[in-house]
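The primary structure of each chain is shown beneath.
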Amino acid sequence: GKMDQAEELFQTVMKQLEEQSPGLEYGRALLSYGKLLIQKEKTNRIAHKQGLAYIQQALQIFEEVHAVIDYQIAKQVIENQKK
């Protein structure tokens, strides 16, 4: 459906972004997409797991580029999932 097409397009864009600019902007895109996926938790556990993986990847990038505020935001999203 349309969601599958959107996810496929997003994956293509993410791959290009990672190749061109693997730093802060890529981390922010991962965080945004991860947050979107974890909202599917009730209907799709696989999407939820993938979303958390993207957020973990974003955390690592934010740490590497010393993006403290972005790191804290991503960390808070993960903490909220544990509640």
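Our subject is the structure that appears above.
Presented here is an overview of the structure given in this document.

**Topic: the nonpolar core**
It is characteristic of soluble globular proteins that their nonpolar side chains tend to be buried jointly. In terms of nonpolar packing, the biggest core is built from 19 residues, with L30, L31, I55, F62 and A74 touching the most fellow members. Of all the elements in the fold, those that place two or more residues in this core are α2 (24-38), α3 (45-64) and α4 (68-81). Look past the residues within four positions of L30 in its chain and what remains in contact with it is M14, Y54, Q57, A58 and I61.

**Quick word on the packing of α3 against α4**
A pair of packed helices is captured by two measures, namely the crossing angle of their axes and the spacing between those axes. Where α3 contacts α4, the axes come no closer than 9 Å and their chain directions differ by 150 degrees. In terms of axis orientation, α3 runs roughly antiparallel to α4. Classified by chirality, the crossing of α4 by α3 is left-handed. Touching H48, L52, I55, Q56, L59, F62 and E63 of α3 are D70, Y71, A74, K75, V77, I78 and Q81, all from α4. Classifying every residue of the contact of α3 with α4 gives eight nonpolar, three polar and three charged.

**Quick word on α4**
What sets the pattern is the α-helix's 3.6 residues per turn: residues three or four places apart point alike. In a regular helix each residue adds 1.5 Å, so 14 residues correspond to 20 Å; α4 covers 20 Å between its end C-alpha atoms and thus fits that length. Where α4 is concerned, the buried positions are D70, A74, V77 and I78. Seen end-on, α4 carries its buried residues on one side only, within an arc spanning 95 degrees. Facing away from the buried side of α4 by more than 90 degrees, the exposed set consists of V68, I69 and Q72. Where α4 is buried, its residues meet α2 and α3.

Analysis parameters
- Numbers given for residues are sequential positions, taken from 1 along each chain in its written order.
- Per-residue local features of the predicted model are confined to residues with pLDDT of at least 70, and side-chain atom pairs are confined, for both listing and counting, to 80 or more; whole-chain, interface and lining totals are unaffected and use all residues.
- The basis for the side-chain values is all heavy atoms of the structure; hydrogens and waters are excluded.
- To qualify as a nonpolar core, a set must consist of buried Ala, Val, Leu, Ile, Met, Phe, Trp, Tyr and Cys residues joined through side-chain atoms within 4.5 Å.
- For the exposure calls, accessible area comes from a 1.4 Å probe over protein chains only, and a residue counts as buried if that area is under 20% of its type's maximum, exposed if over 50%, partly exposed in between.
- Secondary structure follows DSSP: runs of H or I at least 4 residues long count as helices, runs of E at least 2 residues long count as strands, and numbering of each begins at the N terminus.
- It only takes one pair of heavy atoms within 4.5 Å for two residues to be counted as in contact.
- Angular values range over 0 to 180 degrees, each being the angle between N-to-C directions of two axes fitted as lines to C-alpha atoms, with helices fitted over their stretch in contact.
- Orientation categories follow fixed angle ranges, with anything under 35 degrees roughly parallel, anything over 145 roughly antiparallel, 65 to 115 roughly perpendicular, and all other angles oblique.
- In this scheme the crossing of two helices becomes right-handed for a clockwise turn of the near helix relative to the far one and left-handed for an anticlockwise turn of less than a right angle.
- All amino acids are sorted into three groups, where Ala, Val, Leu, Ile, Met, Phe, Trp, Tyr, Cys and Pro are nonpolar, Asp, Glu, Lys and Arg are charged, and the leftover types, Gly among them, are polar.
- Expected span, for any helix, means 1.5 Å times one less than how many residues it has.
- Our arc is simply the arc of the directions from the helix axis toward the C-beta atoms.

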